[in-house]
Structure formats: structure tokens, C-alpha cells
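Each chain is listed here by its residues.
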Amino acid sequence: MLSLMIWGAVLLALMLGLGLLIMMAKKKYQQARQQGEGSGRAFDIDTIETYYRSGKISKEEFAVLRKQALGLDKKPASKEKSSSSPPGSGDDES
């Protein structure tokens, strides 16, 4: 009976240790992922140029990816705000 309790305690300790290890790994993975997303760049300019020269991407794709890599692809806040004009500006269709 005593050996059963000891093995149960060992098993419980192993499960708790494994759970803590998994939680630490998950936290580290999420931190690394957030740091990677912070840059917002999937490719560097050298990789993009290599793809373009080898024919893996078109000229249009190269232009878009290059702007993204250089951080020049600033998008407007929303379509509705950018298309609307203030009252009395003379841009009304009616």
C-alpha cells in the first residue's frame, strides 16, 4: 500500500512538472510570435529581390512586397472615413 502511494505521488509530481514545462514553452512561443509580428515584415529586401530575379514573383508582387519590407505601405484607417468628405466641401453627389 505504501509503494502505491509513493508511485502515485511520483506520477503526480511528474504530471505537474510536465504541465509547468508546457506552460513555460507556450509562454515563450507566444512572446517570440508577438516579437515577430511587431516588425510586420515577412521578408527582407534581399530575399524579395532574389525571388524577383529568379522569376518566383512577378514585377507587381515585387513592388508590393518591397513596399511592405520598407514600411511604405501605410493603409488608410478605414474606407468609409477616407471616402467621406466634410459637409459643405463641394464633393457631394447630390
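Values in this document were obtained by computation on a predicted structure and should not be read as measured data. (Residues numbered from 1 in each chain as written. Predicted model: local features only at pLDDT ≥ 70, side-chain atom pairs only at ≥ 80, totals over all residues. Heavy atoms only, no water.)

Enquirer: What exactly am I supposed to notice about the packing of helix 2 (residues 45–54) against helix 3 (residues 59–70) here?
Expert: The description of two packed helices rests on the angle between their axes and on the distance between the axes. One way to put it is that helix 2 packs onto helix 3 with a least axis distance of 10 Å and a crossing angle of 175°. Comparing their axes, helix 3 and helix 2 come out roughly antiparallel. In this structure, helix 2 uses Ile45, Ile48, Glu49 and Tyr52 to contact helix 3, whose residues at the interface are Lys59, Phe62, Leu65, Arg66 and Ala69. Here the residues of the contact of helix 2 with helix 3 sort into 6 nonpolar, no polar and 3 charged. (Axes fitted to C-alpha atoms, helices over the stretch in contact; angles between N-to-C directions. Helix = DSSP H or I, 4+ residues; strand = E, 2+ residues; numbered from the N terminus. Parallel < 35°, antiparallel > 145°, perpendicular 65-115°, else oblique. Contact = heavy atoms within 4.5 Å. Nonpolar A, V, L, I, M, F, W, Y, C, P; charged D, E, K, R; others polar.)

Enquirer: I tried to follow the pattern of salt bridges on my own but got confused; where do I start?
Expert: Two side chains bearing opposite charge may form a pair once their charged atoms approach each other closely. Evaluation of the coordinates by the stated rule reveals 1 salt bridge. Ionic pairing is found between glutamate 49 and arginine 53, a salt bridge with its closest N-O pair at 3.9 Å. Of this pair, glutamate 49 and arginine 53 both sit in helix 2, separated by 4 residues, roughly a single helical turn. Residue class for glutamate 49 comes out partly exposed when judged on its relative accessible area of 25%. Since its relative accessible area comes to 68%, arginine 53 is described here as exposed. (Salt bridge = Lys/Arg side-chain N within 4 Å of Asp/Glu carboxyl O. Buried < 20%, exposed > 50% of the residue type's maximum accessible area, 1.4 Å probe, protein only.)

Enquirer: How do you make sense of a nonpolar patch on the surface when you look at a structure like this?
Expert: There is a patch of nonpolar side chains on the surface, built from Leu2, Ile6, Trp7, Val10 and Leu14 and spanning about 560 Å² of accessible area. Tracing the backbone through its elements, the reader meets isoleucine 6 in helix 1 (residues 2–39). (Patch = residues over 30% accessible without salt bridge, like charges linked within 9 Å, V, L, I, M, F, W, Y side chains within 5 Å. Areas by Shrake-Rupley, 256 points an atom, 1.4 Å probe, with all protein chains shown as cover.)

Enquirer: What is the right way to read the environment of isoleucine 48 from this model?
Expert: Within the secondary structure, isoleucine 48 sits in helix 2. Distance in space between the C-alpha atoms of isoleucine 48 and leucine 65 is 7.0 Å, their sequence separation being 17 residues. Apart from residues no more than four positions distant in its own chain, isoleucine 48 is found in contact with Phe43, Ile57, Phe62, Leu65, Arg66 and Ala69.

Bear in mind that shape data such as this cannot, by itself, settle questions of function.
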